[in-house]
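# Coordinate inspection notes
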Amino acid sequence: MKGVIVVGAGPVGLTAALTLARAGVPVTVFEREEGLGSQSRASTFHPATLDLLDDLGVAGPLIARGRVVDRVQWRDRAGLVLAEMGMGSLDGLTRHPFRLHAEQSALTPLLLSALEAFPEADVRFGTRVDGLAEGGTGVRIRMGRSWARARYVVAADGAHSTVRSSLGLPFHRVAYPTQALRVFTDSPLDELLPRLAPLTYVRDVGQSCSLLALPDHWRIVVRIPCDARNPLATSSVAALVRRALPGVSRPVRVVGADRYGLARGVLPSYRCGRVLFAGDAAHLTSTAGGLNMNAGIHDAVELGRALAEVLAGEAGPGALDTWAARRRAVLLDQVIPRSEARVAGVQDRDTSRLAAAMAGLRAIAGDPGATRVYLAQASMLDTLPQAVRNR
């Protein structure tokens, strides 16, 4: 009853657990799968997130496993560079003035290894949480026929959260009018398209896409209609790549493709008594800009610090309400609007909106001060509380 149970061993759950363990809080992680997830999911780590992971001792090895992005570029399908910004503009605002592209599955083993160094931290795989009940000074968690008890529970069990469902909490989702299609290629796009940046947005009313360089492959991310027929068929994917990248001098070799739905949703409150929600269990956003997982990691670090203070008697339980309200406001007022602004004129192929968005970006790119502000916001540096930024 001294400690905390974390449900979910993804990036958010393990970050929360490690933050608590480093503060001396006994913590147990329950994960329904038999091991860490290995499937391709989020792949972007922003400077603000790298700063937080650095405080946890895992940023260095993560950077070694990823692709450093030192500039961001916008171009049209003809290859004309419309705007470009160097991440070095963030010098002095962050210890990591760059964006990192790496699979989220590169982070979770680092978090787990760091967590295993703490004797009062326990990670139990193959353990499915079936329900929970709060009473007095703690929470009881049911797993089949057994129960576990803790002072608080952190629900980091994803978009289909069992904890959230067990409590009967409403989670209204609004679907976006498009889906995301990801195409994986091992063709060297930066050789096929001269001056291509490791993060490039192709913005064209005929066909827009995002190009992300990872250590061993590139990703081409395209918005497609929700009712697209056979979008994963080999011929469909090949045609889409040709349409998105008409200037490529030779065929692009596709090694895989997948698609996923897009929606936004935010819990009415991230706190329900002694249960705290973080990451996808608390919020969903458009994947544009790679903000949602990063926001979840921020949720976890701030929550871990607040919980540790409450359990140590250094703060009252009201600190958890403050955390919950602040993180929810960040999602509603900053993360979601910025994510949606990234695809202005793209998913609806609105020529005027797209032209206006690109004109704005060109103006920003031509002004060093405006570039610094824009990249700071895109890097989520302004969403961290002042106390964290000053660390």
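On a predicted model such as this, the values are computed, not experimentally measured, just so you know.

## Looking at the pairing of strand E2 (residues 27–31)
Most of E2 is tucked away, with 5 of its 5 residues classed as buried. Side chains of E2 alternate between two faces, with Val 27, Val 29 and Glu 31 and Thr 28 and Phe 30 buried alike. Across 4 bridges, the pairing between strand E1 (residues 4–7) and E2 is parallel. Residue pairing across strands places Val 6 opposite Val 29, the latter belonging to E2. In this fold, the crossover linking E1 to E2 by way of helix H1 (residues 11–22) has right-handed handedness. Note: E2 against strand E8 (residues 121–125), 5 bridges, orientation parallel. By the bridge assignment for E8, Thr 28 is matched with Asp 122.

## Points about the pairing of strand E14 (residues 178–185)
Taking burial as the measure, the 8 residues of E14 include 8 buried ones, the bulk of the element. Of the two faces of E14, the one lined by Thr 178, Ala 180, Arg 182 and Phe 184 and the one lined by Gln 179, Leu 181, Val 183 and Thr 185 are each fully buried. As defined by bridge partners, E14 adjoins strand E17 (residues 218–225) across 8 bridges and the pair is classed as antiparallel. Looking across to E17, one finds that Phe 184 is bridged to Arg 219. Where E14 meets strand E18 (residues 254–260), 6 bridges bridge the pair, whose relative direction is antiparallel. Opposite Arg 182, over in E18, you have Asp 258 as the bridge partner.

## Here we look at the environment of Thr 108
Of note, Thr 108 is situated in helix H4 (residues 104–115). If sequence neighbours within four positions are ignored, Thr 108 has contacts with Ala 9, Gly 10, Pro 11, Leu 14, Leu 36 and Gly 37.

## A word on the side chain of Arg 219
By the element assignment, Arg 219 lies in strand E17. On the basis of relative accessible area, Arg 219 is assigned to the buried category, the value being 2%. Looking at Arg 219, its side chain comes within polar contact range of the side chain of Glu 103, at 2.4 Å. Not counting the four nearest positions on each side in its chain, Arg 219 is found in contact with Ser 40, Arg 41, Ser 43, Glu 103, Arg 182, Val 183, Phe 184, Ser 210, Leu 211, Leu 212 and Leu 214.

## Let's talk about the sheet that holds strand E10 (residues 138–143)
Read from one edge to the other, the open sheet built from 3 strands follows the order E9-E10-E11, with strand pairing classed as antiparallel. Each edge of the open sheet is held by one strand with a lone partner, namely strand E9 (131–135) and strand E11 (146–150). Going across the sheet, the axis of each strand differs from the next one's by a mean of 20 degrees, ignoring polarity.

## Structural notes on the sheet that holds strand E13 (residues 174–175)
Strand order in the open sheet formed by 3 strands is E13-E19-E22, with antiparallel pairing between adjacent strands. Here the strands that pair on one side only, and so sit at the sheet edges, are E13 and strand E22 (283–284). Along the sheet face, helix H9 (residues 318–341) touches strand E19 (263–266) and E22 and points at about 170 degrees away from the line of E19.

The rules behind these values
Sequence order as written defines the numbering, with residues in each chain counted from 1. Local features are withheld for residues below a pLDDT of 70 in this predicted model, meaning they are given only at 70 or higher, and side-chain atom pairs are given and counted only at 80 or more; totals for whole chains, interfaces and linings count all residues. Working from all heavy atoms in the structure, the side-chain values ignore hydrogens and water. Exposure classes here rest on a 1.4 Å probe applied to the protein chains alone. A residue is buried below 20% of its type maximum, exposed above 50%, and partly exposed in between. Secondary structure elements follow DSSP: runs of H or I of four or more residues count as helices, runs of E of two or more count as strands, with numbering from the N terminus. When DSSP finds at least two bridges between two strands, those strands are taken to pair. Seen with the strands pointing away from the viewer, any crossover whose path from the first strand over the helix to the second strand runs clockwise is right-handed. By the convention used here, residues are in contact when the closest approach between their heavy atoms is within 4.5 Å. Distance and chemistry together define a polar contact, namely a pair of N or O atoms within 3.5 Å, with one atom able to donate a hydrogen and the other to accept it when in protein, and with adjacent residues in sequence counting only for side-chain atoms on both sides. With axes taken as lines fitted to C-alpha atoms, and helix axes fitted only over the stretch in contact, angles between N-to-C directions fall between 0 and 180 degrees.

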